[in-house]
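Overview (structure and organization)
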Number of protein chains: 2
Amino acid sequence: MERNILLTIEYDGTGFSGWQRQPDRRTVQGTLEEALSRVCAIPVQVDGTSRTDAGVHALGQRASFHGDFGIPVERIPLAVNNLVSEAGKDGDMRIRKAQLVPEGFHARYDSKGKKYRYRIHNGEEMPVFLRNYRYHVRGALDAAAMCRAAEHITGTHDFACFQAAGGTPRKTTVRTIRQLTVNESAVDGGRLIDIDVAGDGFLYNMVRIIAGTLVEAGQGKIPPEAVPGIIASRDRRRAGHTAPPQGLYLTEVYY
Amino acid sequence: MERNILLTIEYDGTGFSGWQRQPDRRTVQGTLEEALSRVCAIPVQVDGTSRTDAGVHALGQRASFHGDFGIPVERIPLAVNNLVSEAGKDGDMRIRKAQLVPEGFHARYDSKGKKYRYRIHNGEEMPVFLRNYRYHVRGALDAAAMCRAAEHITGTHDFACFQAAGGTPRKTTVRTIRQLTVNESAVDGGRLIDIDVAGDGFLYNMVRIIAGTLVEAGQGKIPPEAVPGIIASRDRRRAGHTAPPQGLYLTEVYY
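Going along each chain's sequence as written, the residues are numbered from 1 onward. Naming scheme: in the order in which they are written, chains are lettered from A and ligands are numbered from 1. For this predicted model, a pLDDT threshold of at least 70 governs which residues receive local features, and a threshold of 80 or more governs which side-chain atom pairs are given and counted, while totals over whole chains, interfaces and linings are taken from all residues. Here the side-chain values reflect all heavy atoms present in the structure, with hydrogen atoms and water set aside.

In the nomenclature of an unreviewed UniProt entry, chain A corresponds to tRNA pseudouridine synthase A from the organism Hornefia butyriciproducens. Under the Subunit (unreviewed entry) heading, UniProt states for chain A: "Homodimer." According to the UniProt record, the Catalytic activity (unreviewed entry) comment for chain A is "uridine(38/39/40) in tRNA = pseudouridine(38/39/40) in tRNA". UniProt positions are given in the numbering used here, feature names are shortened, and annotations may be inferred rather than shown by experiment.

Spelled out as structure tokens, the structure:
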């Protein structure tokens, strides 16, 4: 019986060359398809919601696949997770949930939006255990300035200034940022600054460029009130740097 | 001018084949000596306090070295840390402190004891981000039983039952455990159980076997009141399993 399945996937991006399948490289999609093909005993190809870059993490990536296979849907997560685990410990990717969806449902095309978190460790020293999971920014950041800059980014705008070269060509660079918040908390050896951003869609490297722009606002390099002009200019060079991949987490996909 | 230096070192053990220098393997000692030799412009050999195994972490490893070199002592940490950092992020080892100590001081021989932490994630699911940093135990552990078992281990005993084969031969297997505590707290997707153990010295794999024994006490396999008999037996086979390396952290060395 042909069935269509939607997966919720968590992964540590450190050991992967990103989401998308590539020959001779370890990718999340490739690892997942290989394990699913063994578990389902048919060749499986998945459609992922977000093509995350190398080093980028996910708590709630989604992917769908369909096929005629025997294993009960609720057994797929454990079977795949056991296959991809390492000696004596869990693996670096894990299916959190597998659910039956109507034929025709597509993880990417049917998505109504996504949410990302960008995590910054702000302090002179950072525990080595965080190096793959945070952007380390040494000098003190002004979180209030970052919040003010974030307010100018929220809403519907042409975000060409936050688009890196090299992505899939898009019909339009207009997107809606529904939420963009900056939260800080005290942690061992510094402060944790979390940027949460939700929107209907994102351009190539858009979240990392927004994070880099907010960091530069926090450093006093970009005045918050300059942000509307930067957006209006549609000029990538006027926005901040592209923050590194290891701080970025795909947290949720909306349907 | 000949100087003797004591270092405090933090490392993520995941990417190292343990502390001890080995040909053709990436080890903490080897990486540290290579960087120190460049920074000090002389061949440097360090004496570490604890020969941690592959996968074991350290927050407060100590190592000493002496030599006639020019760089001011306080500049050594930053110079070494910059050398061992990776592209776009910090490295997986870091010197936290370098201090001048009297000639004749030795990081290992002068140590009066050490403290370790063993970290367990107890719950059906564990975030993938913790797989290199926790021991994942699925079924619910009885932390009160673990505490009662720990009380029987505290004190001065012949700990032959907690010694793995294959370590450096020791004159005696009598050691003093000054402190052994079990603490639990709620975390994402389960409970974090931390075992803290301080003592004057430890046999090969002793902390990991104590952790495995406490886990089995928490699972009801080893009754806490059976622990004195297990210690008296001096029989490794009667103690619990050796808990995996990724849960173990060397936290402090006492002088």
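1. Comments concerning the UniProt feature "domain: Pseudouridine synthase I TruA alpha/beta" (unreviewed entry) in chain A
Look at the UniProt record and you will see "domain: Pseudouridine synthase I TruA alpha/beta" (unreviewed entry) annotated at residues 9–110 and 149–255 of chain A. The secondary structure listing takes helices from DSSP runs of H or I that are at least 4 residues long and strands from runs of E that are at least 2 residues long, numbered from the N terminus. For residues 9–110 of chain A, the end-to-end C-alpha separation is 17 Å, with 21% helix and 25% strand making up the annotated structure.

2. A few points about the pattern of salt bridges
It is possible for side chains bearing opposite charge to pair when their charged atoms get close. Counted as salt bridges are all cases of a side-chain nitrogen of Lys or Arg within 4 Å of a carboxyl oxygen of Asp or Glu. Throughout the structure, instances matching the rule amount to 29 salt bridges over all chains. Linking Arg 131 of chain B and Glu 86 of chain A is a salt bridge whose minimum nitrogen-to-oxygen distance equals 3.4 Å. Here Arg 131 of chain B is found in the loop between β5 (113–122) and β6 (135–137), whereas its partner Glu 86 of chain A is found in the loop between α2 (76–83) and β4 (93–101) on a different chain. With a shortest N-O distance of 3.3 Å, Arg 94 of chain B and Glu 10 of chain B are connected by a salt bridge. Of the two residues, Arg 94 of chain B sits in strand β4 (residues 93–101) while Glu 10 of chain B sits in strand β1 (residues 2–11), which places them 84 residues apart along the sequence.

3. Details of the relation of the copies chain A and chain B
We place the copies in one frame by least squares, fitting the C-alpha atoms of every residue whose pLDDT is at least 70 in both. Once chain A is rotated about the relating axis by 180° and shifted along it by 0.0 Å, it coincides with chain B to within an RMSD of 0.0 Å. The operation mapping one copy onto its partner corresponds to a two-fold rotation axis. Looking at the interface residues of chain A, 100% of them are also at the interface in chain B, so both copies use one shared face. Contact criterion: two residues are considered in contact whenever any of their non-hydrogen atoms come within 4.5 Å of each other.

4. With respect to the UniProt feature "binding site: substrate" (unreviewed entry) in chain A
Residue and element names in this part refer to chain A. Mapped onto the present numbering, the UniProt feature "binding site: substrate" (unreviewed entry) falls on Tyr 116. Mapped onto the elements of the fold, Tyr 116 is located in strand β5 (residues 113–122). Type-normalised accessible area, obtained with a 1.4 Å probe on protein chains alone, sets the label of each residue: buried when under 20%, exposed when over 50%, and partly exposed for intermediate values. A relative accessible area of 6% means that Tyr 116 is categorised as buried. With residues near it in sequence (within four places) discarded, Tyr 116 still touches Ser 50, Ile 195, Asp 196, Val 197, Phe 202, Val 207, Leu 248, Tyr 249, Leu 250 and Thr 251. Residues adjacent in sequence count toward polar contacts only when both atoms are side-chain atoms; beyond that, a polar contact is any pair of N or O atoms within 3.5 Å, and within protein one must be able to donate a hydrogen and the other to accept it. At a separation of 3.0 Å, a polar atom in the side chain of Tyr 116 contacts the side chain of Ser 50.

5. Observations regarding unusual backbone geometry
Residues and elements named next belong to chain A. Even without glycine at this site, Asp 24 takes up a positive phi of about 65°. Within the secondary structure layout, Asp 24 lies in the loop between β1 (2–11) and α1 (28–40). Even without a glycine there, the phi angle at Asn 205 is positive, about 65°. One can find Asn 205 in the loop between β9 (190–199) and α4 (206–218). Look at Asn 205 and you get buried, because its relative accessible area is 16%.

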